[in-house]
Amino acid sequence: METKDRYILQFNSDQEIALETKQLKIFYGDYEAISAADLQIPRFKITALIGASGSGKSTFLRSLNRMNDGIANVQGQIWYRDLDLNTKQIDVYAMRRQIGMVFQRPNPFPKSIYENITFALERHGITDKKQLKERVETALKQAALWDEVKDKLNKSALALSGGQAQRLCIARAIALQPDILLLDEPASALDPISTAQLEETLINLKEHYTIVIVTHNLPQAARISDYTAHFSQGTVIEFNDTKDMFTQPKVALTNEYISGDFG
Amino acid sequence: MNAKRNDKIATGLLYTIAGIVILILVLLLGFIIIRGLPQLSWSFLTSPSKAFSSGGGIGIQLFNSLYLLILTMLISLPIALGASIYLNEYAKPGMITNAVRTMIEILSSLPSVVVGLFGFLLFVVQLNLSFSILSGALALTVFNLPLLTRSIEGSLKAISNDQRNGGLALGISKWETVTKIILPAAVPSIVSGVILSAGRVFGEAAALIYTAGQSAPALNFANWNPFNIDSPINPMRPAETLAVHIWKINSEGIMPDATAVSAGSAAVLIIVVLLFNLLARWLGRALYKCLTAA
Amino acid sequence: MDKIRESILTTSRASKLERRGKIISLTCLGGICLVVVAIFGFIAYRGLMTFTSDHVSIIKFLTGTEWNPSVSKNGAPLVGALPMIAGSFLITILATVLAIPFAIGTALMMTDITPKTGTRILQPVLELLVGIPSVVYGFIGLTVVVPAIRTVFGGSGFGILSGTFVLFVMVLPTITSMTVDSLSSVPKDYRSASLALGATRWQTIYKVVLRSATPGILTAIVFGMARAFGEALAVQMVVGNATLMPYSLVAPASTLTSVLTTGIGNTVMGTVQNDALWSLALILLLMSLAFNLAIHLIARRGAMKR
């Protein structure tokens, strides 16, 4: 089989690009976690970031909405709506409203289920009671949680199971109606049934949202994503259509990784 | 065998030592209770003290202690909250932060008499507040701030970073994430810390003798106008507290029943501190349950 | 124009809140630092008056054994602070030395001998001992310790020995609880390794646990000393307050704090008598700083060893 050192898929002009990084470098002190990553995130698709532990995929993801501010030194450009997000003129809070994030461990606030969702909405100026109620319901429905919690919206969110709590965190993020949803290994703390529910939720969500998901679970990446980027030692070594990548990897390292010889 | 014998002797010695320490506490508490409890009565707790004759109470001193405690907490809590938020959430590790931490450490280890003398110089003399509840409350604030700040910082630190990330990722400012999510989550342990520090403030005397003063003028409990000199809530009146009272009557030695009054006052002080301790535990646990309950 | 783009480029409510919050909290922190600076400034200013405007030599102040500020001799007031300095150091050292075996013993009970029951009983005991206000200690010293010493040794009963016993109980919980912290930070592996080699429990404690916890225990001791040195009212109530060089443990003596608490109210601001007292306060402040420095040095040396 013919192999290359690196293969990055270039989109045609008919595919809308939601987010694009150019020459992104990330340092923790002197340590270079990401060296010159270039990646285009297509709109209304699910893009999976895979790679061995320490390959830099989570660091990369966290830099996209500047969650690494004050932790890592991020250089290079992150283009979103013709704006470079990695500049001083960007208001990070307004930006994060558009580019939300869900984390590895479910982290519902110690408040009621209802308040978990309305909290951020109120902070962003949506205070009308009726509108809040609608948003809560829509978000919970989109996150496939509504039927389970509609009778206990005023109960503490801390009483939810891990899978429910994670879907609440997704509901909380999409209630803001963001453009892009960044997910950092959202299913790694969940049992198989909750994981399956979460995957179904994500597939339904891509109709309205651009989703970037970091995952350790290769079958999961294969099941739900449209495109996959393989990170190795701080760079993207292969980015391609998920089907193509999992059936005919173009880079030898990717082949080793997905066939389980490595990592 | 020698080693085995030594082991036995050492173990026996350690048990003896621990026994003695427990015995000391039992004797201390026993003394206070046996000598102090018989003094306690409603009239002792509510009537004013008498300087030259026996039969006086501690009513005004008790009220002063409580009022001073509340004022001190009202001033020190917001400052300690702000300072601990900055230290735990904003301060970047480095020279300046280290220097600030060292300063707080130094403040917390200053003898309380030094804090009292500083309070005397700045509040009583320089700012012309004279011997007053306000001067006392400010001195106690200086005394209380470093400990309260450290205790609140510890409470904030105990809240998982996941919560901070959760708030930030929704486009909420760090400030609101901290004040509306982290702080409420930390309330149970903050409350415990505050009540424990209240116990310390309640029993403090050295910082007060030259700030709140050593006299307890008669109060008119029907007059709640803070500007009247005999109003209980006038912050500008001198106010001897319970702890200062014990010190004063014992060092002056003109009150005929000083020992009895001191024993009664000491019992009240200990009981209040004990109550604070129990309250801190109970309230902390209850609030935690309340917060995490389904 | 793209609304989202616009929102990202304008300062949001969150940004404004963030800036305001940062300023508010920084002000609080700055306020505390300002207080620390002010304490040092005020007390140094007042305390140095004795040497600047009253022309007392620092050496004479620190080594003179006669304290009688209202009397002048050879043009300078008699302000020899050595009796108080000696009293403070004597009481502090005696109380700490007495407390060390009890503190380490109690701490070992809680960490190595009977961790469960030991902690369940001794932890509350320590918390209660810490919680008892110092005037209560002073009062008990006055009504129990002083008469007891009077009965045994004769004299008035007031003096260094009474102060030592009172301070012993006061610093005991401080030293103990910090020793517990340092003992329990010794890794469990050290203990099991030593026991597995056939050492008895005492040999393990003595040769392994106490050795590796030494920096922490030293810190605990210095903390205890700092507390003893700065304690005012409890000591003042039992020490006798005679500004004489301590010549006997059971004769009235005085400490820096005891002279300060009795003196400040009885002297007029700006007089030599008053200035001399502020100089004592300055010594107290500098000693507190020295204890802090010692703790830092111990911590640094302890960290270097690892």
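Summary of the structure given here. (Residues numbered from 1 in each chain as written. Chains lettered and ligands numbered in written order. Predicted model: local features only at pLDDT ≥ 70, side-chain atom pairs only at ≥ 80, totals over all residues. Heavy atoms only, no water.)

## Some remarks on the interface of chain A and chain B
Part 1: Taken together, the contact between chain A and chain B spans 26 residues of the former and 20 residues of the latter.
Part 2: Carbon and sulfur atoms supply 64% of the area that chain A and chain B bury against each other, a total of about 1,900 Å² over both sides.
Part 3: Seen at the junction of chain A and chain B, the total is two salt bridges.
Part 4: The residue glutamate 176 of chain B makes a salt bridge to arginine 123 of chain A at a minimum N-O spacing of 2.8 Å.
Part 5: On inspection of chain A and its partner chain B, the count reaches seven residue pairs in polar contact (both at pLDDT 80 or more). (Contact = heavy atoms within 4.5 Å. Buried area = accessible area lost by both parts, 1.4 Å probe. Salt bridge = Lys/Arg side-chain N within 4 Å of Asp/Glu carboxyl O. Polar contact = N/O pair within 3.5 Å; in protein donor to acceptor, adjacent residues only side chain to side chain.)

## Considerations on the sheet that holds strand E3 (residues 31–42) of chain A
All names here are of chain A.
Part 1: Here we have four strands laid out as an open sheet, ordered E3-E2-E5-E6, and antiparallel in their pairing. Either end of the sheet is taken by a strand with one partner, and the two such strands are E3 and strand E6 (83–84).
Part 2: Each of strand E2 (17–28), E3 and strand E5 (73–80) is contacted by helix H1 (residues 57–64), which is oriented at about 120° to E2, the strand it contacts most. (Pairing = 2+ DSSP bridges. Helix = DSSP H or I, 4+ residues; strand = E, 2+ residues; numbered from the N terminus. Axes fitted to C-alpha atoms, helices over the stretch in contact; angles between N-to-C directions.)

## So, the side chain of serine 15 of chain C
Part 1: Looking at where serine 15 of chain C falls in the secondary structure, it is placed in helix H2 (residues 13–52).
Part 2: For serine 15 of chain C, a relative accessible area of 14% corresponds to the buried category.
Part 3: Excluding anything up to four places from it in sequence, serine 15 of chain C contacts Asp91 and Tyr93 of chain A. (Buried < 20%, exposed > 50% of the residue type's maximum accessible area, 1.4 Å probe, protein only.)

## Quick look at the sheet that holds strand E9 (residues 210–214) of chain A
All names here are of chain A.
Part 1: Here seven strands make up an open sheet; going across it, the order is E1-E11-E10-E4-E9-E8-E7 and the pairing mixed. At either end of the open sheet lies a strand with only one pairing partner, and these are strand E1 (7–8) and strand E7 (99–102).
Part 2: Both strand E8 (residues 180–184) and E9 contribute to a ladder of five bridges, which runs parallel. Bridge pairing in E9 links leucine 181 to isoleucine 211.
Part 3: In the packing of H1 onto the sheet, the strands contacted are strand E4 (46–51), E7, E8, E9 and strand E10 (227–232), and the crossing angle to E8 comes to about 150°.

## Things to note about the packing of helix H3 (residues 59–90) of chain B against helix H6 (residues 133–157) of chain B
All names here are of chain B.
Part 1: Two numbers describe how H3 lies on H6: the axes approach to 6 Å, and their chain directions differ by 40°. It follows from the interaxial angle that H3 and H6 lie oblique. The way H3 lies across H6 gives a crossing that is right-handed.
Part 2: Residue composition of the contact of H3 with H6, grouped by class: 20 nonpolar, nine polar and three charged. (Parallel < 35°, antiparallel > 145°, perpendicular 65-115°, else oblique. Left-handed = near helix turned anticlockwise from the far one by under 90°. Nonpolar A, V, L, I, M, F, W, Y, C, P; charged D, E, K, R; others polar.)

## Notes on unusual backbone geometry
All names here are of chain A.
Part 1: One non-glycine residue, phenylalanine 44, lies in positive phi territory at about 55°.
Part 2: Within the secondary structure, phenylalanine 44 sits in the loop between E3 and E4.
Part 3: Even without a glycine there, the phi angle at glutamine 233 is positive, about 45°.

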